[in-house]
Amino acid sequence: MDKASLSNDCAKVSQNAPGRASDSSGEQVSRIKHALTRKESSFSERFVEKILWFAGVSSVLIIALIFIFLFKEAVLFFKTGHPFHLVGLWQYDDWEGKNVFKMMWQSVSEVPKYSLLPLLCGSFLVALPATLISSVIGIGCAVYLSEIASPKVREILKPTLELLAGIPSVVIGFFMLMVAASLIQNVLHTKFRLNAFVGALGVSLVILPIVITITEDALRAVPKELRDASYALGATKWQTIWETVLPAAVSGISAAVILGFGRALGETMIVVMATGNAALVTGNIFSSVRTMTATIAAELGAVAHHSEHYYALFLVGAVLFGLTFILNIISELILNRMRQSLRM
Amino acid sequence: MNKFSKRILGLMVMTALAAAPSGYAAQNITVKGSDTMVILGQRWAERYMQQNPDAAVQVTGGGSGTGIAALMNGTTDIANSSRPIKESEIAKAKQAGYYPFEVKSAFDSLAVVVNSANPVQEISLKQLLGIYTGRINNWKEVGGDDRPILRYCRESNSGTYVFFKEHVLKNGDYAPDCQTMPGTSAVANAVSKDPGGIGYGGAAYYMSNTQLRIISVKKDDKSKAVNPVKADGTLDYEAAWTGRYPIARYLYMYTGFKPKGAIKSYIDWILSPEGQKVVEEVGYIPLQAA
């Protein structure tokens, strides 16, 4: 505690004292007490401030540490592995009788194959359809919530959406695996019961609340004056939504979609359970796929530390982290631009 | 200090106390590894703890590779494994200061299963190789219906995955469209729902499932097909012991050092007739009495 300033304060109090006729010594004491407690509270204030500062900075610190840790391990892959092997490698195939270019993820093998192509295929085949589905439903839902729904309906719908966000992804995954997968196969007669589409449906449930919340925020940020002007020009409600509100909020909405896409790329539990985990290079959405996240989740637990396989998994993690990081930054930039342009 | 900062200080002290290590049991043994052996390991632990109230045995799964990795990271006392430890793993362990000690604890027949709607009754090792490496893609090529084959296998951390790769695929690569399942019961669930599915795993997991059928396996074209399960629904011990059933294996336990003390008495108990009786109860094959 700062004793010098405290005694300084006491001195001020006592200096002031002679000037006032009615000052008694008792009042002086209470003043000094008051000054003391004020100092005390400013100390605890600073203490709390420090803690809050640390809490605020910690997220930046954590991200930086993860970044360093991940990339430090990932680059070690290139100590033994060839960068070209991340695409594929030539291997003699005794069935074909000639060298075949193999784009495979087969990490436990005599000649381990660490092609990232099947994993990228898998991740995008799940994340893109999932984002598409949840964008269509999510933007519709947000428009309804912010522009059309009466306050009463909103009161019911909003908490329900929050409930959806609260469902653990493992529960969604289990549901997709046990119930939805067979249902979808019976309807669409797909070869694989567990496939990218089943996974995408599950993942879209997870990112739906994200898309809705951010889109609704974007719509609400559109100034009332714009709507009023549109109505004043004789536009109907639908015309106002379609031609005034949506274009004004388009950057916010695209940020919502991009953020949802990033979250879809990172989703793990649902894709482990519902996509069948076959590392295929394919564009078929009804084929079984293996995503980057599922690969890390399934294999990292068993890998010998500091082996090539271990570093390869970190490399996959680094690619994934890099992708979602870029997506997040893009959406953040778009959101910032929107906030600035709407503030004018 | 006013009340608020005192509270914060108190909170910090409490957090620090909560993070401190809690007490130990007298003989704490941790066992980690093979998913195939999880049920067996837990039964062993339960029975052993009933008889030795001092002992505390904790069993978790994760896969044989996970168990062996944990052994050399020093996070487990015993690693269960459904495959022998690899040379590379021994070398890694020695680098970390461990000398893996091997104990053969039980026997297991690896069953090949198809959906009960599939008419195929037997298959040769060569056909299995063809199916799992992606050269045979339709059931009609092995005497079944005209239906595409859906391959199910285990994750690469599974001892069953490695054993099957070495003994059936002759170290070839699994076909890329092999769907990897996180556990034997996940394979059972998938094959029971897919009429074109094929899977493999410890026979004990599949015997009670009526939507699956364990098919007989031929060593080569000349030999007779052998089913790991006898006609009366019990495991065929003799076929596994003599190698008449071609894909049978030992189930191993590894310790970081030559076992002594509590760990030694636990392993000795497992190898005793009493421990081997548990093996039979769970549905695996006991070691052949010497």
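Residues numbered from 1 in each chain as written. Chains lettered and ligands numbered in written order. Predicted model: local features only at pLDDT ≥ 70, side-chain atom pairs only at ≥ 80, totals over all residues.

(A) Fine view of the overall build of chain A. The helix and strand inventory of chain A stands at 13 helices and four strands. The proportion of buried residues among the 344 residues of chain A is 35%. Nonlocal contacts in chain A, meaning residues at least 24 apart in sequence, comprise 75% of its contacts between residues at least 6 apart. (Helix = DSSP H or I, 4+ residues; strand = E, 2+ residues; numbered from the N terminus. Buried ≥ 20, exposed ≤ 12 C-beta atoms within 10 Å, placed from the backbone. Contact = placed C-beta atoms within 7 Å.)

(B) Up close: the packing of helix 8 (residues 224–232) of chain A against helix 9 (residues 237–248) of chain A. Residues and elements named next belong to chain A. Running from N to C, helix 8 and helix 9 point in directions that differ by 155°, and their axes come no closer than 10 Å. By the criterion of interaxial angle, the relationship of helix 8 to helix 9 is roughly antiparallel. In the crossing of helix 8 with helix 9, the sense of the turn from one axis to the other is right-handed. Contacts between helix 8 and helix 9 involve Leu 226, Arg 227, Ser 230 and Tyr 231 on the former and, on the latter, Thr 240, Thr 244, Val 245 and Ala 248. Looking at the contact of helix 8 with helix 9 residue by residue, the classes come out as four nonpolar, three polar and one charged. (Axes fitted to C-alpha atoms, helices over the stretch in contact; angles between N-to-C directions. Parallel < 35°, antiparallel > 145°, perpendicular 65-115°, else oblique. Left-handed = near helix turned anticlockwise from the far one by under 90°. Nonpolar A, V, L, I, M, F, W, Y, C, P; charged D, E, K, R; others polar.)

(C) Quick peek at helix 10 (residues 250–266) of chain A. With 17 residues, helix 10 of chain A extends 25 Å between its outermost C-alpha atoms, agreeing within 8% with the 24 Å of an ideal straight helix rising 1.5 Å per residue. When you tally the buried positions in helix 10 of chain A, you get 15 out of 17 residues, the bulk of the element. (Expected span 1.5 Å × (residues − 1).)

(D) Representation of the domain arrangement of chain A in the model. Residues and elements named next belong to chain A. Looking at chain A, the domain boundaries give domain 1 (3–76) and domain 2 (116–343). Domain 1 puts five residues into the contact, and the matching count from domain 2 is six residues. Here the residues of the side of domain 1 that touches domain 2 are counted per class, giving four nonpolar, no polar and one charged. (Domains from an automatic or database assignment.)

(E) Highlighting unusual backbone geometry. Residue and element names in this part refer to chain A. Phi is positive for Asn 277, close to 55°, though the residue is something other than glycine. Structurally, Asn 277 can be placed in the loop between helix 11 (269–274) and helix 12 (292–299). Residue Asn 277 is classed as buried on the basis of its 27 C-beta neighbours within 10 Å.

(F) Fine view of the confidence of the model for chain A. All names here are of chain A. Looking at chain A as a whole, its pLDDT mean stands at 85, while 88% of the residues score no less than 70. Model confidence for chain A, summarised as mean pLDDT per element, is weakest for helix 1 (residues 3–16) at 47 and strongest for helix 4 (residues 117–148) at 94. Confidence drops under pLDDT 50 across residues 1–7; counting only partners more than four residues distant or on other chains, this segment forms three contacts. Scored below 50 in pLDDT, residues 10–22 makes nine contacts in the model with residues more than four places away or belonging to other chains. (pLDDT = per-residue confidence, 0-100.)

(G) Inspection of the nonpolar core at higher detail. Judged by nonpolar contacts, the single largest core of 155 residues is most densely connected at Val126(A), Met176(A), Val203(A), Ile270(A), Ala274(A) and Val191(B). Counting residues per element, this core draws most heavily on helix 7 (residues 196–220) of chain A, at 16 residues. (Core = buried A, V, L, I, M, F, W, Y, C linked by C-beta atoms within 7 Å.)

(H) The interface of chain B and chain A, seen in detail. Listed per partner, the contact involves 28 residues of chain B and 30 residues of chain A. Going through the elements one at a time, helix 1 (3–19), helix 3 (64–73), helix 4 (87–95) and strand 7 (179–181) of chain B are the ones with two or more residues in the side of chain B that touches chain A. Here the side of chain B that touches chain A gets three residues from one element, more than from any other, and that element is helix 3 of chain B. Among the residues forming the side of chain B that touches chain A, the class breakdown is nine nonpolar, eleven polar and eight charged.

(I) Here's a closer look at the confidence of the model for chain B. All names here are of chain B. In this model, chain B carries an average pLDDT of 85, and 91% of its residues clear a pLDDT of 70 or more. Mean pLDDT across the elements of chain B ranges from a minimum in helix 1, with 53, to a maximum in strand 3 (residues 78–81), with 93. In the model output, the complex is listed with pTM 0.75 alongside ipTM 0.70.

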